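Coordinates in review
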Amino acid sequence: MSFRDLCNYIVIDSDVAPGPNPWPIIGNLDIIGRFENPFQGFGTLAEQYGDIYSLTLGHTRCLIVNNLDLIREVLNKNGKFFGGRPNFLRYDKLFGGDRNNSLALCNWSQLQQKRRNLARRHCSPKESTSYFTKMSTVGCIEIDHLMERLKNEIVPGQPIDVKPIINAACANMFYQYMCSMRFDYDDVEFKQFVRFFDEIFWEINQGHPLDFLPWLLPFYTGHLNRISYWSKTIRKFILDRVVNERELNVDPDEPDTDFTDVLLKSLVENKNMSRNTIIFMLEDFLGGHSAVGNLVMLALAYIAQNPNIGTKIQYEVDIISNNGERSINLSDMSEMPYTMATIFEVLRYSSSPIVPHVATEDTAISGFGVTTGTIVFINNYILNKGPQYWSNPDQFYPDRFLEEKSTVKNMKEDNRSSENEPTKFQLRKNLSHFLPFSIGKRTCIGQNLVRAFGFILLANILMRYNIKSHDLSTIKIKPASLALPADCFSLLLSPRI
Ligand code: HEM
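Residues numbered from 1 in each chain as written. Predicted model: local features only at pLDDT ≥ 70, side-chain atom pairs only at ≥ 80, totals over all residues. Heavy atoms only, no water.

**Quick look at the site of the ligand**
Worth spelling out the cut-off: Throughout, near means a residue has at least one heavy atom within 4 Å of the molecule or strand. Here a polar contact means two N or O atoms within 3.5 Å. Within protein one must be a hydrogen donor candidate and the other an acceptor candidate, and residues neighboring in sequence count only if both atoms are side-chain atoms. Under the DSSP-based scheme used, a helix requires at least four consecutive residues in state H or I and a strand at least two consecutive residues in state E, with every element numbered from the N terminus. Classification used: nonpolar for Ala, Val, Leu, Ile, Met, Phe, Trp, Tyr, Cys and Pro, charged for Asp, Glu, Lys and Arg, polar for all others including Gly. Each domain span listed reflects an automatic or database assignment of domains.
Taken together, 24 residues form the shell around the ligand, and within it Arg85, Arg116, Ser438, Arg442 and Cys444 come nearest. The contact in question runs from an oxygen atom of the ligand to an N or O atom on the side chain of Gln112, over 2.8 Å. Looking at the shell around the ligand, the elements that each hand over two or more residues are α6 (110–123), α13 (275–305) and α18 (447–464). Broken down by element, the shell around the ligand gets its largest block of residues, three residues, from α13. Residue classes in the shell around the ligand are distributed as 15 nonpolar, six polar and three charged. No fewer than three residues from each of domain 1 (1–87 + 355–389) and domain 2 (109–352 + 444–497) sit in the shell around the ligand.

Okay, structure coming up:
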């Protein structure tokens, strides 16, 4: 017996994680169905079965991990065994019939490594690089367009359906950054592109019975056809309005102009990338704008519910912008910790689920055997809302992300006595249990874009407007989801004097 066989033998023979007995056909779906949200349910079940337990959903074996050490073991230490993604029909429909076309929903492969490498520099720009400056510049250019639009659309005292406008502004920030172009807010095809991506973002954030009971397919053909239609329309828009023309003008001898240029050159330079692959990549990254738009909408909703948070952001904005004399840009970020803390609090509070991982070979977690194909759910809801990690976790409270700047440092920086100075704050550094973008080899590639464009949008909107709701009961937010329905609540934006 080889060492490898021996290991497999040990793994297969090792204990199976505890869990409820499954019913035929549905498995344990009845248990999950009892909870308003599966991730809240996962936490409740952990009280009964422990921090690691198994469930059978339909016929699929699943493992749920519920504490930081176990989550690190799956994502970091043993990440190479958990690089797969679930084989859901809906995922195929979203990506031209094959989920492996998608960056987030594909199984791990050499191609995925290559795609991540190609995207990293552009889509995860580091501070002090020219890409970072570009983010700041395009963000501020779009803010001017957004403010003009809001000024024309807002009727004093009337609520406004602001989500499509914010999403369109985000989409243009992404288009300018990645394709060096923007679209008019009234462009019908562009509006459709923005709307369909928002529908997809909602869709992808929902669990669906079909995922675990594929024999239900005949009852959901209408739904799947709708998904296909959204994604085909988006692809056509990107081809017609961006790729087809840009393809004619690629010059491998000129420096890269933007992400589209890099992608198109990779075809010419024959880096084993197919045209299909790069079009799906561009689509995936442009689609990231919906995540940012929904994040900003949630921030505005929480501000409408807690007006003092808006006031505190405005306090920072007013100091930095000298009472609105100029827009807020990315170089202001380090001086506006409360605004950033609000963005982090939205990420914590909304607790977007981590895309499930799948075991690609037989292995073990914490001594429990895991067989190939097992779906592993990372319960980051518990990391974000567990009382063991946060005090008053159900309160929306950005200050929890702040700590006092050390006095000695203040004195050195300011070269004056700190006695009469107001306390200065900075973002807390040691928050190892806060993993909104996950960790390990499949960590989010778009997190810098989220922070940058989210910050620019939130700060500049608050600079010009007070945010309220005409009726707070209309603000309905689903727990454990960053996504809001495409048609959600309106808000009252009143110009600041
Ligand atoms: C608030 C917004 C966002 C949040 C909370 C978020 C969070 C996440 C999480 C939790 C994952 C899964 C990591 C894992 O499986 O371990 C992920 C993957 C990913 N994200 Fe994000 N993300 C956001 C926005 C974006 C944006 C704007 C982009 C691109 C422009 C992006 C690109 C990606 C990609 C490409 C992956 C897949 C990486 C892989 O599987 O190899 N994300 N994101």
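Anyway, onward from the coordinates.
**Some words on the confidence of the model for the chain**
Atomic detail in the predicted coordinates should be set aside for any region of low pLDDT. The criterion, for reference: Confidence of the predictor at the level of single residues is captured by pLDDT, which takes values from 0 to 100. We call two residues contacting when some pair of their heavy atoms lies within 4.5 Å.
Per-residue pLDDT for the chain has a mean of 92; in total, 94% of the residues score no lower than 70. Note that residues 1–13 has pLDDT below 50 and, in this model, nine contacts with residues that lie over four places away or in other chains.

**Comments concerning the nonpolar core**
In a soluble, globular protein the nonpolar side chains are often hidden away together inside. Rules: For the purposes of this section, nonpolar cores are sets of buried Ala, Val, Leu, Ile, Met, Phe, Trp, Tyr and Cys residues that join through side-chain atoms within 4.5 Å. Burial classes: relative accessible area under 20% of the type maximum marks a residue as buried, over 50% as exposed, and values in between as partly exposed (1.4 Å probe, protein chains only).
Among the nonpolar cores identified, the biggest contains 158 residues, and Leu146, Tyr175, Met178, Phe193, Ile467 and Leu491 are the most heavily contacted of them. The element that contributes the greatest number of residues to this core is α13, accounting for 17 residues. Apart from residues no more than four positions distant in its own chain, Tyr175 is found in contact with Ser180, Met181, Phe183, Phe190, Phe193, Phe237, Ile238, Val242 and Leu286.

**Side note on the side chain of Thr443**
Checked against the element boundaries, Thr443 lands in the loop between β8 (425–427) and α18. A distance of 3.1 Å separates a polar side-chain atom of Thr443 from the backbone oxygen of Phe437. Looking at Thr443, its side chain comes within polar contact range of the main-chain oxygen of Ser438, at 3.2 Å. Ignoring anything within four residues of it in the chain, the contact list for Thr443 reads Arg116, Phe437 and Ser438.

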